[in-house]
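Here are the chains, one letter per residue:
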Amino acid sequence: MTRIYSYTQAIDADIVDAFCLLQKGFTDQFVYYRKEAPVRFMGLGRCVALPTLDEAEITLEGPVHAQPVFFSFNRFDGANPALADELFSSFPRLRLMLPEVVLIENERGTFLQVNSLGPVYAGRVQRFSRDCERAPERSAAPIPYQLEMDSREQWQEAMAQAGEALSEGRVRKVVLSRRLRLQAGHPFSSKDVLVNLIDGDAVGTVLLYRYADVFFCGCTPELLVRKNGCTVESMCLAGTCPAGADGEESAVLARQLMADRKNREEHQFVVDFIRTVFERTCYNVEIPAEPRIMRLAHVQHLFTPVKAQVLEGVSLWQLAEDLHPTPATAGAPVGEATMLIRRIEPYNRGFYAGACGYVDGAGDGEFSVALRTGVFDGEMGYVYGGCGIVEESDAQAEYEEINLKLRTILSAFG
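Residues numbered from 1 in each chain as written. Predicted model: local features only at pLDDT ≥ 70, side-chain atom pairs only at ≥ 80, totals over all residues. Heavy atoms only, no water.

On a plain count of helices and strands, the chain comes out with nine helices and 21 strands. Computed over the C-alpha atoms, the radius of gyration of the chain is 21 Å, within 12% of the 22 Å expected from 2.2 N^0.38 for a compact globule of 414 residues. In terms of its C-alpha atoms, the chain occupies a principal-axis envelope of roughly 65 × 50 × 45 Å. Counting over 414 residues, the chain shows a buried share of 59%. (Helix = DSSP H or I, 4+ residues; strand = E, 2+ residues; numbered from the N terminus. Rg over C-alpha atoms; globule rule 2.2 N^0.38 Å. Buried < 20%, exposed > 50% of the residue type's maximum accessible area, 1.4 Å probe, protein only.)

The structure is reproduced here in structure tokens:
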């Protein structure tokens, strides 16, 4: 059992500005930042790593009663025997990570949390609080870069292998991805990329995990699972079309997407999968009969929200493990599709399309699917994008769809 002391107090500060000021003193950084709602956690420093919350004995300190916030970044296919690239390989395999300092913004306000293995020293809290409240306003700056494009011939070969498996009935859908190498024109930091994502037009949840000299980041539209007490939520997100140049074109494309059999089939695989998981672990499961449209900066998706009440004793972690990966990131059936991805893709995905999020000391929190992401060392890195493949898929159309999706992580460079 690990004794953890967690001290929380309110602060009068913008947490992103405060993070930008404090981050220079910490090599380990963690961010889970929902842009559309005040569910925002920005961690600095690694205090302790735990395999489960059962290993923690928590003492709450300070004027605000708030549970400590643990971050969790998990690989798409943690059992994949293939070596990840040199960037992903440098991250440790840890389950729950409690930072020394967490900046929090929620519906109650903004807060500073300091975590320790001993009683929290009041002077340390006061010093962090003063720094947060004097933080200057952040500024964004573009980062010049060059992108090394992959060949369409390589993609055609990957699609051919997928098509063979589909025609033979080994899978009904497989999600293939592309990885492109990015070289920056000058050194950049995790802070630079983070600010560009938060203040830019990317829609969704901004993720960041920095470990020493390497960091993984992006802005994902896809929630995997959210738990608040006994209420849980998820989403089915599959089926894509361009965003359109204006409102009129966007509406036309959205109507075409809703009527497209191939995209509706892709989407239904995800709906059926999540329904099966929720009906096994929850009750009062609510899933609309028809999808909606989620419009992002560069693409639109078919989207079906899911809500339920979770059975007693079922944890957020268990739900995340049961749901991940969904057919939206692996394919259908999930197990067979994952094995096919191992054979086709010439790289280990690492955290890309993994389950990344946070859980508090009471067991509530949320995980998102780490889409529209990349991994970097401050000079170069790799960016990732993927798409669902069924028998009717066209190789060139899917290649261009991934190019659209890559615009989100590339917007992190201004």
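Met-42 and Leu-103 are the most contacted members of the largest nonpolar core, which has 132 residues in total. For this core, the element with the highest residue contribution is strand E6 (residues 96-106), accounting for seven residues. In terms of domain composition, this core takes at least three residues from each of domain 1 (2-132) and domain 2 (145-187 + 222-353 + 363-413). In this view, Leu-103 contacts Ile-11, Ile-15, Ala-18, Phe-19, Leu-22, Arg-40, Phe-41, Met-42, Phe-111, Leu-112 and Cys-132; residues no more than four positions away in its chain are not counted. Residues Met-235, Leu-296, Phe-303 and Leu-404 belong to the second largest nonpolar core, which totals eight residues. (Core = buried A, V, L, I, M, F, W, Y, C linked by side-chain atoms within 4.5 Å. Domains from an automatic or database assignment. Contact = heavy atoms within 4.5 Å.)

Bringing the UniProt feature "domain: Chorismate-utilising enzyme C-terminal" (unreviewed entry) in the chain into the picture now. Here the UniProt-annotated "domain: Chorismate-utilising enzyme C-terminal" (unreviewed entry) positions come out as residues 152-405. End C-alpha to end C-alpha, residues 152-405 measures 17 Å, and it is 35% helix and 36% strand. (UniProt positions renumbered as here; feature names shortened; annotations may be inferred.)

All right, on to the domain arrangement of the chain then. Its domain assignment divides the chain into domain 1 (2-132) and domain 2 (145-187 + 222-353 + 363-413). Of note, the centres of domain 1 and domain 2, computed from C-alpha atoms alone, are 27 Å apart. Each partner contributes residues to the interface: domain 1 has 23 residues there, and domain 2 has 28 residues. Taken together, both faces of the contact between domain 1 and domain 2 bury some 2,200 Å²; the carbon and sulfur share is 63%. On the domain 1 side of the contact with domain 2, Phe-76, Leu-87 and Phe-88 bury the most area, a combined 37% of that side's loss. At the surface where domain 1 touches domain 2, the tally comes to four salt bridges. In this structure, Arg-342 engages Asp-77 in a salt bridge whose closest nitrogen and oxygen atoms are separated by 2.7 Å. Where domain 1 meets domain 2, there are nine residue pairs in polar contact (both at pLDDT 80 or more). (Buried area = accessible area lost by both parts, 1.4 Å probe. Salt bridge = Lys/Arg side-chain N within 4 Å of Asp/Glu carboxyl O. Polar contact = N/O pair within 3.5 Å; in protein donor to acceptor, adjacent residues only side chain to side chain.)

With an omega of -10°, the peptide bond running from His-324 to Pro-325 counts as cis. Omega for the peptide link from Ala-332 to Pro-333 comes to -10°, which places this bond in the cis form. The phi torsion at Ala-212 lies on the positive side, around 60°, for a residue other than glycine. Within the fold, Ala-212 resides in the loop between strand E10 (205-211) and strand E11 (214-220). We classify Ala-212 as partly exposed; its relative accessible area is 30%. In this model, Arg-372 sits at a positive phi of 55°, which is unusual for a non-glycine residue. Mapped onto the secondary structure, Arg-372 falls in the loop between strand E19 (365-369) and strand E20 (373-376).

A few words on helix H7 (residues 316-323). Where H7 is concerned, the buried positions are Leu-316, Trp-317, Leu-319, Ala-320 and Leu-323. What you see down the axis of H7 is that its buried residues fit within an arc of 160°, all on one side. (Arc of directions from axis to C-beta.)

Our next topic: the packing of aromatic side chains. Following the criterion strictly, the structure yields 24 aromatic pairs and no others. Seen from their ring centres, Phe-26 and Phe-128 are 6.3 Å apart, and the 40° between their planes marks the pair as tilted. Here Phe-26 is found in the loop between helix H1 (15-22) and strand E2 (29-34), whereas its partner Phe-128 is found in helix H2 (residues 122-133), with 102 residues between them in sequence. For Phe-26, a relative accessible area of 12% puts it in the buried group. Assessed through its relative accessible area of 7%, Phe-128 is described here as buried. With 5.3 Å between their ring centres and 75° between their planes, Phe-188 and Phe-413 make a pair best called edge-to-face. In this pair, Phe-188 is assigned in the loop between strand E9 (173-184) and helix H4 (190-199) and Phe-413 in the segment after helix H9 (395-410), connecting sequence segments 225 residues apart. A single burial state applies to Phe-188 and to Phe-413, both of which are buried. Three or more aromatic residues joined by ring pairs make a cluster, and in this case those are Phe-30, Phe-71, Phe-73, Phe-88, Phe-91, Tyr-209, Phe-216, Tyr-347, Phe-351, Tyr-352 and Tyr-384. Just above the ring of Tyr-399 sits the side chain of Arg-178; from NZ or CZ to the centre is 3.7 Å. (Phe/Tyr/Trp six-rings, centres within 6.5 Å; stacked < 30°, edge-to-face > 60°. Lys NZ or Arg CZ within 6 Å of the ring centre and 35° of its normal.)

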